[in-house]
Amino acid sequence: MLTFENLQRQYRLGGQRVNALCGVSGQIERGEMVALCGPSGSGKSTLLNILGLLDMAYDGSVVLDGEVMPKAGRLVQQRQAATLRRSKMGFIFQRFNLIPVMTALENVCFPLMLNGMDRHTQIRLATEMLEAVGLAEFIHHRPDHLSGGQQQRVAVARALVHSPSLVIADEPTASLDSQSAGKIIALMKALGHRQGTTFVIATHDPRMARQCDRVMTLCDGQISEEGMSWAS
Ligand SMILES: Nc1ncnc2c1ncn2[C@@H]1O[C@H](COP(=O)(O)OP(=O)(O)OP(=O)(O)O)[C@@H](O)[C@H]1O
Ligand SMILES: [Mg+2]
């Protein structure tokens, strides 16, 4: 389970202070898929960056699977955050963010390598995951030889291959045509369901939001839960 309490994040922009999050709290059950909606600038990426330990300069608290997440501080907190990110989390971004010099297979092996898995098992698991996202024939292709939809499928495989408890996705379908977007949503759901993964997905895409179990809406740095279950 993921809980966050009274999250506040202020940015400084020149002499100005921007209140990007003003006391955001919530609770997300294990295996739940939550869409984070709201207008541009409402704080969605700010919240995702905090939940994914990419930004630790905030006030408030985040607890994942009973463990209090580290906040900005010394090297020891940064090391703890790096360990948690690579072992318990997966990330999917709008622009795929694959490593361009690596093949699809090497990209998907990468999180397993960071977690110290032996090469043989890395290749077995990464191959299985690429097969599961329908890319069996493309495992030795580099990202620039794949379409946007195929690249995002590699990114989904990479985000889920190490069975993370939490996947953070920031606008994962925003760069895709509607057919590819639909495939990505379906894959995230199917693979995540198999592993009991929790997803928090920032999206402007109503079709993506409808596929989620629940929608949380942010407005001016505050959450207003619509409390509606769209699971079908
Ligand atoms: N690094 C930064 N420095 C200063 N202000 C920032 C920074 N990042 C975000 N902001 C501001 O914080 C607020 C929230 O931004 P955030 O990127 O979280 O919004 P968002 O909901 O993800 O928007 P979008 O839908 O456009 O991606 C906005 O007012 C934005 O301008
Ligand atoms: Mg954003």
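These figures come from a predicted structure and were not determined experimentally. (Residues numbered from 1 in each chain as written. Chains lettered and ligands numbered in written order. Predicted model: local features only at pLDDT ≥ 70, side-chain atom pairs only at ≥ 80, totals over all residues. Heavy atoms only, no water.)

(A) Examining the packing of aromatic side chains more closely. In the structure shown here, the tally under the stated rule is 1 aromatic pair. With a centroid separation of 6.2 Å and an interplanar angle of 5°, the aromatic rings of Phe 91 and Phe 93 are classed as stacked. (Phe/Tyr/Trp six-rings, centres within 6.5 Å; stacked < 30°, edge-to-face > 60°.)

(B) Representation of the sheet that holds strand 5 (residues 67-68). The 4 strands are arranged 2-1-4-5 in an open sheet whose pairing can be described as antiparallel. Looking along the sheet, the strands with just one partner apiece sit at the ends: strand 2 (16-28) and strand 5. Pairing between strand 4 (residues 59-64) and strand 5: 2 bridges, direction antiparallel. Paired with Leu 64 across the bridge in strand 5 is Glu 67. (Pairing = 2+ DSSP bridges. Helix = DSSP H or I, 4+ residues; strand = E, 2+ residues; numbered from the N terminus.)

(C) Helix 5 (residues 148-160), seen in detail. Relative to the 18 Å expected for 13 residues at 1.5 Å per residue, helix 5 spans 18 Å between its end C-alpha atoms, a close match to the ideal helical length. For helix 5, a buried count of 12 out of 13 residues is recorded, marking the element as mostly surrounded by other parts of the structure. Inspection of helix 5 places Gly 149, Gln 150, Gln 151, Gln 152, Arg 153, Val 154, Ala 155, Val 156, Ala 157, Arg 158, Ala 159 and Leu 160 among the buried residues, and these make up the whole buried set. (Expected span 1.5 Å × (residues − 1). Buried < 20%, exposed > 50% of the residue type's maximum accessible area, 1.4 Å probe, protein only.)

(D) Spotlight on the site of ligand 1. Taken together, 13 residues form the shell around ligand 1, and within it Ser 40, Gly 41, Lys 44, Ser 45 and Thr 46 come nearest. Side-chain polar atom of Ser 45 to an oxygen atom of ligand 1: 2.9 Å apart, as the coordinates give it. Contact with the protein chains removes 64% of the 640 Å² of surface that ligand 1 exposes when unbound. For the shell around ligand 1, the secondary structure elements donating two or more residues are strand 1 (2-13), strand 2 and helix 1 (44-51). With 3 residues, helix 1 is the largest single contributor of residues to the shell around ligand 1. Residues that form the shell around ligand 1 fall into these classes: 5 nonpolar, 7 polar and 1 charged. (Near = heavy atom within 4 Å. Polar contact = N/O pair within 3.5 Å; in protein donor to acceptor, adjacent residues only side chain to side chain. Areas by Shrake-Rupley, 256 points an atom, 1.4 Å probe, with all protein chains shown as cover. Nonpolar A, V, L, I, M, F, W, Y, C, P; charged D, E, K, R; others polar.)

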